[in-house]
Amino acid sequence: MKEAKNADSPLALACAREEFRAWSWIAERREARLYGPQIAVKNEVVIVDRDVGLLASAHDLLRLFHVEPSSETVTVEAIPVAAIEEKR
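Since the model is a prediction, treat every value here as computed from it, not as a measurement.

Draft legend 1. Inspection of the environment of Gln38 at higher detail. Relative to the elements of secondary structure, Gln38 occurs in the loop between α3 (32-35) and α4 (49-62). Look at Gln38 and you get exposed, because its relative accessible area is 60%. Among all residues touching Gln38, those that are not within four sequence positions of it are Ala32 and Arg33. For Gln38, the side chain forms a polar contact with the main-chain oxygen of Gly36, separated by 3.0 Å.

Draft legend 2. Structural detail: the pattern of salt bridges. Across all of its chains, the model carries 4 salt bridges by this definition. One salt bridge in this structure joins Glu18 and Arg17, with 3.9 Å as the shortest N-O distance. We note a salt bridge from Arg29 to Glu28, for which the minimum N-O separation is 2.9 Å.

Draft legend 3. Molecular detail of the environment of Ser24. Counting through the fold element by element, Ser24 comes out in helix α2 (residues 10-30). Along the chain, Ser24 and Gly36 lie 12 residues apart, while their C-alpha atoms are 9.4 Å from each other.

Draft legend 4. Quick peek at the confidence of the model for the chain. This prediction gives the chain a mean pLDDT of 76; 68% of its residues lie at or above 70. Element-level mean pLDDT values for the chain span from 60 in strand β1 (residues 65-68) up to 89 in α2.

Parameters at a glance
Residues numbered from 1 in each chain as written. Predicted model: local features only at pLDDT ≥ 70, side-chain atom pairs only at ≥ 80, totals over all residues. Heavy atoms only, no water. Helix = DSSP H or I, 4+ residues; strand = E, 2+ residues; numbered from the N terminus. Buried < 20%, exposed > 50% of the residue type's maximum accessible area, 1.4 Å probe, protein only. Contact = heavy atoms within 4.5 Å. Polar contact = N/O pair within 3.5 Å; in protein donor to acceptor, adjacent residues only side chain to side chain. Salt bridge = Lys/Arg side-chain N within 4 Å of Asp/Glu carboxyl O. pLDDT = per-residue confidence, 0-100.

Here you go:
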């Protein structure tokens, strides 16, 4: 790194830069906790009124299909939309 401070030509500066990049890459791999990218993840779930409406719509949509579980095959029966609207 001393070469970068006293560089009198672009070649010496470029060599010092590449040396820094190489050592930086090695440090990121060997000590990722200290020199790796620092990523902060914050997960927050907020349910608002429109989400509740979407959940109700999804529930209605799932009621369109009755799935009868069996060991071999799955039978899907479609219910007319009018039948769901009558239940409301």
